[in-house]
Amino acid sequence: MTEWTNEAMAEFAARYGLTWLTPALLEQLTDCANRVVATGRAVPRMASEYDEPAHVFGGPE
Amino acid sequence: MDALTLPTGTLTDLSVTAAARLIASRKLSPIDLVDAFLDRIAAVDERVKSYILVLADDARAAACVADAEIRAGRWRGPLHGIPYGVKDNYDTAGIRTCAASRVLLDRIPAFDATAIVRLRAAGAILLGKLNTWEYGTGNGGVYFDLPFEPARNPWHLDHLTGGSSTGAGASVAAGTAMFALGSDTGGSIRLPAAACGLQGIKPSYGLVSRYGILPNCYSLDAAGPLCWTAEDAATVLEALAGHDPNDPASAERPFTPYARGIGGGVAGLVVGVIRDAAIEGATIDAANAAGIEDMIRVLEAQGARIVDASLPAPFADYRRVTSVINWGESFSIHEKDFMERGAEMGFALREKMMSGFTLRAADYIAALRHRRELAAGIDALVNSVDVLVLPGALHTAPAFTDDAEVIKNFTGQSTMSVFNVSGHPAMSVCTGFDAKGLPSNGQIVGRWWDEATVLRVAHTYETATAWRARKPEIAQS
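Everything in this summary refers to the structure shown in the same document. Values in this document were obtained by computation on a predicted structure and should not be read as measured data.

1. Quick look at the overall build of chain B
At step 1: What chain B contains, in helices and strands, is 14 helices and 11 strands.
At step 2: Here the C-alpha radius of gyration of chain B, 20 Å, is about what a compact globule of 477 residues would show, namely 23 Å.
At step 3: The 477 residues of chain B split such that 65% are buried.
At step 4: Excluding contacts between residues fewer than 6 apart, the proportion of contacts in chain B whose partners are at least 24 apart in sequence is 78%.
At step 5: Per element, the accessible surface of chain B, about 16000 Å² overall, is 51% carbon and sulfur.

Encoded structure:
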């Protein structure tokens, strides 16, 4: 797993229309992205595919 | 900076409960009470910065109406004529609601949040919109980059209030509001309550409508009061609770009135105690550790049975799940603002939005799946006792001049978010003061929908201790 670089993040941001990034803000975004990757990967995966998410949606009671 | 000096014996010292009795018996006019709070705001809020918008004329007009109604024998109940403040992420019709953001400075909602509607129906009088971290959220840091200066801790003006309901915490402690409404996604009611020495309750998810509160994270957000006493919190929560069809998460279930049974004591209750939440890298302050031990001693002396308990999963699991869900949902809610005006946001909000911008859907769903498991574990634990008692914030409020990590640790090294993940009612209560005079805190957690027992335990502890007799010192002006 490689880390996000500023260059890769600038390309990603541009692809999704983020137009106001200064060099300092791009740096902040890259830092965030790397923290998010690490945190997301550390979330335990449920063993069974039948372990559904905690929904907020349901039928009428 | 000097601590504030609060004159004793003033109307702003009264609890909601005490003021309500005086108003009901016509010994106190809401006009005098509102004027006392507006005077206090004028005298101290330039320093405390609890409000970002004061509605003095509206409040005086509402007080005149309340006074006339009560004189005519139409007393509505214990909140009639009681002045309060609301975090500026609650929509108020025709009144700017900007959540302390440069991005929303021109935002004037067309309708009132359900909580505002309910409090108005109960006769409460809105004094103004309270300071907050931007959009009612943050990363625990304070960056002095918002259009309003941060609220100050009335116990020591150089210290944090805790967030994100910063003004809510500051106002009740400084006597600029009799009670305040906050919102709580990962501790934002309970952390300011902890820092400012208040009693603040995050109710069960779905008990209090969030409709008209600027959403932060749909599946973690809760709304509730910060008060000086547990009894006040019970009174306010009674007015707020109940089904709202405009909030998809609002529960359709009756609730037990809270204030009536609050004096029932704790004899026979089983209190599970978590002394060490095992937050990695964190050591609880001596004052906060002593506060928990004091609470245990008092509850045991009052007849509760104390049993040891521990969190069923590593603390880091709850934190990760909260972060990932929060990033993803917040970004989905505020995507347009971020994409168009993210550069105008403060550092903390922008960081959160950036995190959501880069989050993978698979990680978000994994967090939602794991959340169900974590919540079930907490539910089993809470159901094995009557309430849990554990440290809330591990530290007393840091100073603005402290190292950035120390400041962020006030939020990060707390157990509050565990009960946003699980949805259980959780209340921060004052357990004393450290050597600097800053409040310590403990957290009481109850079974789903059992706010009544949480409030009863809090009230029992509160009335057996002397902490409520101590107020911040506010210089006479």
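2. Some details on the overall build of chain A
At step 1: Scanning chain A from N- to C-terminus turns up two helices and zero strands.
At step 2: Relative to its length of 61 residues, chain A is extended, with a C-alpha radius of gyration of 17 Å against a globular reference of 10 Å.
At step 3: Seen through its principal axes, chain A has C-alpha atoms that stretch 50 × 30 × 15 Å.
At step 4: Every one of the 61 residues in chain A was classed for burial, and the buried ones make up 34%.
At step 5: Accessible area of chain A: about 4200 Å², with a carbon and sulfur share of 55%.
At step 6: Distance from the positive charge centre (4 side chains) to the negative charge centre (9 side chains) of chain A: 4 Å.

3. Remarks on the packing of helix H8 (residues 286-301) of chain B against helix H14 (residues 451-464) of chain B
All names here are of chain B.
At step 1: Where H8 meets H14, the axes come as close as 10 Å, and the angle between the chain directions of the two elements is 100°. Put simply, H8 runs roughly perpendicular to H14. The segment H8 lies against H14, with Gly291, Asp294, Met295, Val298 and Leu299 engaging Val457, Tyr461 and Ala464.
At step 2: Tallied by class, residues from the contact of H8 with H14 come to six nonpolar, one polar and one charged.

4. Quick notes on helix H1 (residues 16-24) of chain B
Residues and elements named next belong to chain B.
At step 1: Those residues of H1 that sit buried are Val16, Thr17, Ala19, Ala20 and Ile23. The arc that holds the buried residues of H1, viewed along the axis, is 165°, so those residues lie on one side.
At step 2: Taken together, the buried residues of H1 touch helix H2 (30-48), helix H3 (56-71), strand E4 (179-184) and helix H7 (230-240).
At step 3: Once H1 finishes, arginine 26 follows within two positions and takes phi at roughly 60°, a positive value.

5. So, the sheet that holds strand E7 (residues 270-273) of chain B
The strands making up a sheet associate through hydrogen bonds between their backbones, and the pairing can be parallel or antiparallel.
Residues and elements named next belong to chain B.
At step 1: With mixed pairing, the 11 strands of this open sheet are ordered in space as E1-E3-E2-E4-E6-E5-E10-E11-E9-E7-E8. Every interior strand has two partners, whereas the edge strands, strand E1 (51-54) and strand E8 (305-308), have only one. Each neighbouring strand pair of the sheet contributes to a mean axis angle of 25°, computed without reference to strand direction.
At step 2: Sitting on the sheet, H14 touches strand E5 (199-202), strand E9 (387-390), strand E10 (426-433) and strand E11 (439-446), and the angle it makes with E10 is about 5°.

6. Details of the pattern of salt bridges
Residues and elements named next belong to chain B.
At step 1: Under the counting rule described, the total for this entry stands at 20 salt bridges over all chains.
At step 2: A salt bridge links aspartate 35 to arginine 60, with the shortest nitrogen-to-oxygen separation between them at 3.3 Å. Here aspartate 35 is found in helix H2, whereas its partner arginine 60 is found in helix H3, with 25 residues between them in sequence.
At step 3: When its relative accessible area of 27% is taken as the criterion, aspartate 35 is described as partly exposed.
At step 4: By relative accessible area, which is 38% here, arginine 60 ends up partly exposed.
At step 5: Two residues, glutamate 344 and arginine 341, come together in a salt bridge whose shortest N-O distance is 2.9 Å.

7. Observations regarding the pairing of E7(B)
All names here are of chain B.
At step 1: Along E7, one buried face is formed by Val270 and Gly272 and the opposite face, lined by Val271 and Val273, is buried too.
At step 2: Pairing geometry for E7 and E8, over four bridges, is parallel. Note that in E8 the partner of valine 270 across the bridge is arginine 305.
At step 3: With H8 bridging E7 and its parallel neighbour E8, the resulting β-α-β unit is right-handed.
At step 4: One ladder, built from three bridges, connects E7 with E9; its direction is parallel.

8. A word on the interface of chain A and chain B
At step 1: Listed per partner, the contact involves 31 residues of chain A and 32 residues of chain B.
At step 2: For the chain A and chain B pair, buried surface summed over both sides reaches about 2700 Å², with 69% attributable to carbon and sulfur atoms.
At step 3: The largest contributions to the chain A side of the interface with chain B come from Trp20(A), Val36(A) and Met46(A), which together make up 23% of the buried area.
At step 4: The tally of links between chain A and chain B comes to two salt bridges.
At step 5: Residue Arg45(A) pairs with Asp363(B) through a salt bridge whose shortest N-O separation is 2.5 Å.
At step 6: With 11 residues, the single largest contributor to the side of chain A that touches chain B is helix H2 (residues 23-42) of chain A.
At step 7: Partitioning the side of chain A that touches chain B into residue classes produces 19 nonpolar, six polar and six charged.

Rules used throughout
Residues numbered from 1 in each chain as written. Chains lettered and ligands numbered in written order. Predicted model: local features only at pLDDT ≥ 70, side-chain atom pairs only at ≥ 80, totals over all residues. Heavy atoms only, no water. Helix = DSSP H or I, 4+ residues; strand = E, 2+ residues; numbered from the N terminus. Rg over C-alpha atoms; globule rule 2.2 N^0.38 Å. Buried < 20%, exposed > 50% of the residue type's maximum accessible area, 1.4 Å probe, protein only. Contact = heavy atoms within 4.5 Å. Areas by Shrake-Rupley, 256 points an atom, 1.4 Å probe, with all protein chains shown as cover. Lys, Arg positive; Asp, Glu negative; His and termini not counted. Charge placed at Lys NZ, Arg CZ, Asp CG, Glu CD. Axes fitted to C-alpha atoms, helices over the stretch in contact; angles between N-to-C directions. Parallel < 35°, antiparallel > 145°, perpendicular 65-115°, else oblique. Nonpolar A, V, L, I, M, F, W, Y, C, P; charged D, E, K, R; others polar. Arc of directions from axis to C-beta. Pairing = 2+ DSSP bridges. Salt bridge = Lys/Arg side-chain N within 4 Å of Asp/Glu carboxyl O. Right-handed = clockwise from strand over helix to strand, strands pointing away. Buried area = accessible area lost by both parts, 1.4 Å probe.

Geometric values such as these leave the question of function open.
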